[in-house]
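Remarks on the overall topology
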Amino acid sequence: MGAQLRVYRQKIRSAQTTKKITRAMELISASRIQKAQARMAASAPYARAVTRAVSAVATYSNVDHVLTTERENPRRAAVVVFTSDRGLAGGFSSQVIREANELRTRLESEGREVVNYLVGRKAVQYYAFRRRVAAKEWMGGTDQPTFETAKDIADTLVAAFIAGGEGGEGVDEIHIVYNRFVSLVTQTPEIVRVLPLEVVDGVEEPGESEILPLYEFEPEVDQVLDGLLPVYIESRIFNAMLQSASSEHAARQKAMKSATDNADKLIREYTRLANNARQAEITQQISEIVGGADALASAK
Amino acid sequence: MAELSVSVVAADREVWSGAAKQIVARTTEGEIGILPGHEPLLGILGAGEVRITPVSGAVITARAEDGFLSVENNTVTIVAGRAELVA
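The text that follows walks through the structure, step by step, so that each part is easy to find. (Residues numbered from 1 in each chain as written. Chains lettered and ligands numbered in written order. Predicted model: local features only at pLDDT ≥ 70, side-chain atom pairs only at ≥ 80, totals over all residues.)

Considerations on the overall build of chain A
- Across its full length, chain A carries 5 helices and 6 strands.
- Within chain A, contacts between residues at least 6 apart in sequence are counted, and of these 77% link residues at least 24 apart. (Helix = DSSP H or I, 4+ residues; strand = E, 2+ residues; numbered from the N terminus. Contact = placed C-beta atoms within 7 Å.)

What to know about the interface of chain B and chain A
- Listed by partner, the interface residues are 26 residues for chain B and 26 residues for chain A.
- Looking at the side of chain B that touches chain A, the elements with two or more residues in it are strand E1 (4-10), strand E2 (14-27), strand E4 (41-44), strand E6 (60-72) and strand E7 (75-86) of chain B.
- At 5 residues, the largest contribution of residues to the side of chain B that touches chain A is made by E6(B).
- Of the residues in the side of chain B that touches chain A, the class split is 10 nonpolar, 9 polar and 7 charged. (Nonpolar A, V, L, I, M, F, W, Y, C, P; charged D, E, K, R; others polar.)

Quick word on the nonpolar core
- Of all hydrophobic cores here, the largest spans 88 residues; its most connected members are A:Ala78, A:Val81, A:Phe82, A:Leu228 and B:Ile78.
- A per-element tally of this core places helix H5 (residues 221-299) of chain A first, with 17 residues.
- Residues within four places of A:Leu228 in sequence aside, it is in contact with A:Ala53, A:Val54, A:Val57 and B:Phe68. (Core = buried A, V, L, I, M, F, W, Y, C linked by C-beta atoms within 7 Å. Buried ≥ 20, exposed ≤ 12 C-beta atoms within 10 Å, placed from the backbone.)

What to know about the sheet that holds strand E5 (residues 187-195) of chain A
All names here are of chain A.
- Pairing is mixed across the open sheet formed by 5 strands, whose spatial order is E3-E2-E1-E4-E5. The open sheet terminates on both sides in strands that have one partner only, identified here as strand E3 (136-138) and E5. Going from strand to strand, the sheet's axes swing by 20° on average, the running direction of each strand aside.
- Bridge count for strand E4 (residues 173-181) against E5 is 8 bridges, and the pairing is antiparallel. Bridged to His 175 within E5 is Arg 193.
- Running over the sheet, H5 touches strand E1 (76-82), E4 and E5 and is turned about 30° from E4. (Pairing = 2+ DSSP bridges. Axes fitted to C-alpha atoms, helices over the stretch in contact; angles between N-to-C directions.)

Quick look at helix H2 (residues 92-109) of chain A
All names here are of chain A.
- Here H2 is 18 residues long and its end C-alpha atoms lie 27 Å apart, about the 26 Å a rise of 1.5 Å per residue gives.
- For H2, the full list of buried residues reads Phe 92, Ser 93, Val 96, Ile 97 and Ala 100. For H2, the angular spread of buried residues about the axis comes to 110°, placing them on one side. Structural note: H2 exposes Thr 105 and Ser 109 on the side pointing more than 90 degrees away from its buried face.
- Those residues of H2 hidden inside the fold are in contact with E1, helix H3 (121-129), E4, E5 and H5.
- Positioned one or two residues after H2, Gly 111 has a phi angle of 80°, which is positive. (Expected span 1.5 Å × (residues − 1). Arc of directions from axis to C-beta.)

So, the pairing of E4(A)
All names here are of chain A.
- For E4, the buried fraction is high: 8 of the 9 residues fall into the buried class.
- Of the strand pairs in this sheet, E1 and E4 are connected by 5 bridges, and their pairing is parallel. Pairing of Val 79 across the sheet is with His 175, part of E4.
- Hairpin connection from E4 to E5: 5 residues lie between these consecutive antiparallel strands.

With respect to the packing of helix H4 (residues 147-163) of chain A against H5(A)
All names here are of chain A.
- Closest axis-to-axis distance for the H4/H5 pair is 8 Å, and the angle between their directions is 130°. Taken as axis vectors, H4 and H5 run oblique relative to one another. Handedness of the H4/H5 crossing: right-handed. The residues of H5 that touch H4, namely those facing Phe 147, Ala 150, Lys 151, Ile 153, Ala 154, Leu 157 and Val 158, are Leu 229, Pro 230, Ile 233, Glu 234, Ile 237, Phe 238 and Met 241. (Parallel < 35°, antiparallel > 145°, perpendicular 65-115°, else oblique. Left-handed = near helix turned anticlockwise from the far one by under 90°.)

Concerning the environment of A:Ser247
- Looking at where A:Ser247 falls in the secondary structure, it is placed in helix H5.
- Among all residues touching A:Ser247, those that are not within four sequence positions of it are A:Phe92, A:Asn179, A:Phe181 and A:Gln187.

Describing unusual backbone geometry
- A positive phi is found at A:Leu88, a non-glycine position, where the angle reads about 55°.
- Tracing the backbone shows A:Leu88 in the loop between E1 and H2.
- With phi around 50°, B:Asn73 is a residue other than glycine that occupies positive phi space.
- The topology assignment puts B:Asn73 in the loop between E6 and E7.
- A tally of 14 C-beta atoms within 10 Å means that B:Asn73 is categorised as partly exposed.

Observations concerning the environment of A:Ala89
Residue and element names in this part refer to chain A.
- Among the structural elements, Ala 89 can be located in the loop between E1 and H2.
- Sequence separation between Ala 89 and Glu 248 is 159 residues; the distance between their C-alpha atoms is 6.7 Å.
- With residues near it in sequence (within four places) discarded, Ala 89 still touches Ser 84, Glu 248, Ala 251, Arg 252 and Ala 255.

The following block contains the structure:
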């Protein structure tokens, strides 16, 4: 067998094995995405109830509380970046990191120091490679986030927020950057400032001609707000993690689908080239035999 | 008589929802009973149990931690990071 032909056959085999892997990953993501979406849907009532309560408190009570009031000249801002643990998901992690970098530039131009909190191995690697310091990191389980992790992240953030940026330890603002799951084909990176409370989105509109009631608080407004603050942060973080997980699976499915398609294309191209090389070899052999026979005949 | 529409919600799922006659929950201040027509209320749950008396059937007990309770317009939402029904 000619050398050229062997090289092509090798390339075809290599593309075929790659295709098997990418196809398998595509199918795995496709099945996991449904579960991830179901979890997102299951946590929706919780997020809705919490957001509704927070907005009710924020709108219908005239109290000054850390939750709702912006601090005068904020110094330090926390940025929480949600990426994945593993790659092979197209631009999933890099688009979030890019967005986080933009946010960082913006915050620094406003004279704030950025404190990084990283979720997912990809973000940790990115920051470690550039020798940027992270206040805390969480790795593992980004594709199936648990509420415990969300709670841990939220506790860390709330503690930092309550400490405040004055002493150079805590923070005055909390921003989160994550991939919002729009649909199976679209996931957009999104920056949300969770604290101090900015805009409460997703609030259920009260029914027609119905106004939100004046709440009675048990025990006191301040204490209710104190209790609500961590719950609210937890729910936002958990929601971001679930959205990010769904987006990760969707992005991976898409990336792996195009990888499989590309492998198909490569196999087709190399098969053509290999056929060509084989024919060329045969033609050459024939012409050699014919040439040899002619030479023998004329020598007689 | 009016009834309460109740939902007990945990972070990752809805634990129970339905119509009820009465709810007894424990806030940080102590136990509180809620009947239909209760004024709007927002309270922080203390550690303990929530007892729901459904319109029909036996009393349902749920353990809820880390959460709050909101009442408005005969709709009661019990929101907790962790919540489960006690058999």
